[in-house]
Structure formats: C-alpha cells, structure tokens
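# Chain and residue survey
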Amino acid sequence: MTQITDRLEKLHSQIKAAAETANRQPQTVQLLAVSKTREADELRQAWSAGQRAFGENYLQEALDKIEALQDLDIGWHFIGPIQSNKTRPIAENFDWVHSVDRFKIAQRLSDQRPAGMAPLNICLQVNISEETSKSGALPADLPALAAEVAALKNISLRGLMAIPASNDDPQLQRRPFAQMQALLQTLQQQLPDQPLDTLSMGMSADMEAAILEGATIVRIGTALFGPRDYSNHSSNH
Ligand SMILES: *Cc1c(COP(=O)(O)O)cnc(C)c1O
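All of the points below concern the structure found in this document. (Residues numbered from 1 in each chain as written. Predicted model: local features only at pLDDT ≥ 70, side-chain atom pairs only at ≥ 80, totals over all residues. Heavy atoms only, no water.)

Counted according to the given criterion, the structure contains 2 aromatic pairs. On the numbers, 6.1 Å between centres and 40° between planes, the contact of Phe-54 with Trp-76 is tilted. Of this pair, Phe-54 sits in strand E2 (residues 53-56) while Trp-76 is found in strand E3 (residues 75-78), placing the two residues 22 residues apart along the sequence. For Phe-54, a relative accessible area of 0% corresponds to the buried category. The exposure class of Trp-76 is buried, given its relative accessible area of 6%. On the numbers, 5.4 Å between centres and 80° between planes, the contact of Phe-78 with Phe-94 is edge-to-face. Of the two residues, Phe-78 is situated in strand E3 and Phe-94 in the loop between helix H4 (87-93) and strand E4 (96-100); the sequence distance between them amounts to 16 residues. Note that Arg-52 overlies the ring of Trp-47, its terminal NZ or CZ placed 3.9 Å from the centroid. (Phe/Tyr/Trp six-rings, centres within 6.5 Å; stacked < 30°, edge-to-face > 60°. Helix = DSSP H or I, 4+ residues; strand = E, 2+ residues; numbered from the N terminus. Buried < 20%, exposed > 50% of the residue type's maximum accessible area, 1.4 Å probe, protein only. Lys NZ or Arg CZ within 6 Å of the ring centre and 35° of its normal.)

Moving on to the nonpolar core. Core analysis: the biggest nonpolar cluster contains 63 residues, and Leu-109, Leu-124 and Leu-160 have the highest contact counts within it. For this core, the element with the highest residue contribution is helix H1 (residues 3-21), accounting for 6 residues. Leave out the neighbours within four places in its chain, and Leu-124 touches His-98, Val-100, Leu-142, Leu-145, Ala-146, Val-149, Leu-157, Gly-159, Leu-160 and Met-161. Within the second largest apolar cluster, 8 residues are counted, among which are Val-34, Ile-79, Trp-96 and Met-161. (Core = buried A, V, L, I, M, F, W, Y, C linked by side-chain atoms within 4.5 Å. Contact = heavy atoms within 4.5 Å.)

At a closest axis distance of 11 Å, the pairing of helix H6 (residues 142-150) and helix H7 (residues 170-190) adopts a crossing angle of 50°. Taken together, the axes of H6 and H7 lie oblique to each other. Where H6 crosses over H7, the handedness of that crossing is right-handed. Facing H6, whose interface residues are Leu-142, Pro-143, Ala-146 and Ala-147, H7 presents Leu-183, Leu-187 and Gln-190. (Axes fitted to C-alpha atoms, helices over the stretch in contact; angles between N-to-C directions. Parallel < 35°, antiparallel > 145°, perpendicular 65-115°, else oblique. Left-handed = near helix turned anticlockwise from the far one by under 90°.)

This is the structure we're talking about:
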C-alpha cells in the first residue's frame, strides 16, 4: 500500500468514528483532498486509492493540474482567495468554489459560467472568528450577501465555509463550528428554495470537532499528503 492509500483509509475511519459519535451517517461527510503544492502524480495516486474531490488554492497551479489530469473524473473545488480579474478560468474549470466572500465575485462567476455547464456550486466564506486579517464575510453581513448571491442565474448557493482561528483544545475548537451551523440554519429559513446543504469546515487539525458540529465537507491536506513544502513553489495567485 502506498502512504497515500494508508492515510486515506485512516482518514475514512476517523470520519466514520466522528460521524457516529455525532449520530450522523458517515456518508454525509465528504472528504475534500486539499492538494495545493502537490504534484499531479500525487493526486493521481490519491485518485487510484478512490479519492475523487480535490481542492486547490492557487489558480495557475490548479489549471496546470486540471490539464494534466483530464483523463480522470475529478471534482475540482477552488478554495483560495479570489481576485476579481481571475474569475473567468475559475468559472470555466471548477465544479465548486468555497471562498466567495463578496457579491462582485459571485456575480462575475455567474456571468462567466459557460452556457451548457451545470450551475457553479458556491459556498460563502465566513470570517467566523472575526479576525481583521482574514478573508470572509462577517456573520452580520451574511443574510444580505446570501440573498443577492441566491438570485444569480448560474450559481447554486450550497452553504458556508470557514477557517476558524486555530485552537489546540478540541472542546474550544467546536465553538466556531457550532456558530457556523447556526448561521447555516438561519440562511435555510431565510432562503427555503436554495439547496443550502453544505458546511465546508474542518482541516487536518480540527476535523473531528467540525464533524461533531455538522461539517459536510472536511478539507484535508497535511493528514493525507504529509507536510507541505513551499520552497520550490512558485505561487501564481
Ligand atoms: C491548506 C488548506 C486546507 C488544508 O489544511 P491542512 O491543515 O493541511 O489539512 C484546508 N482549507 C483551506 C482553505 C486551505 O487553504
């Protein structure tokens, strides 16, 4: 077994255990493999082990891998910061975008989504810990933003995404995730016609806490591929 196969198996059993603790069906939690800085060949290994959804942060790096892996049936998720002049290739090449935090970006993605493709699945990124340096919409601004985004033609508003301030205490990790679940429930009541079924939250260090509070997509990099090496990484963001 390759190391990636091993780690993937371990992650699936951790997801199953956390879901069962929360009285949830394990298949309601999807594992998104976060593959930033990873070579196309490593994604191919994960694909061979059964992984189908991959998340990328840097546009040019992502486009190179999408091209190199065209022969595989992969669901591509964009999870990094978005500049408004870079929305077109995102609209053309991805299935999901988790990091929309302002209306202008959503509007451009909708306008630039090619005819004939399914609507682009969007999560609104929330600055749940209200850190000044972090991207994401503030919780108080969500209802207005969600209403505007929900009205866009080529967008399917699926839910919310967050990267809370890091915390080593598993009990304290749950707090911002619980707040996210409450925010999603509020939006579901506000916009009953939208398919708001997604909470994208939890990374290698806080996956269990996120699942206990309702995560439906956990975004896992390090625990699947090992520590990242940025030294020879030319980030084209
Ligand atoms: C890098 C990254 C992850 C994965 O983080 P790990 O700690 O390596 O699991 C998840 N989400 C986002 C938005 C990221 O940028």
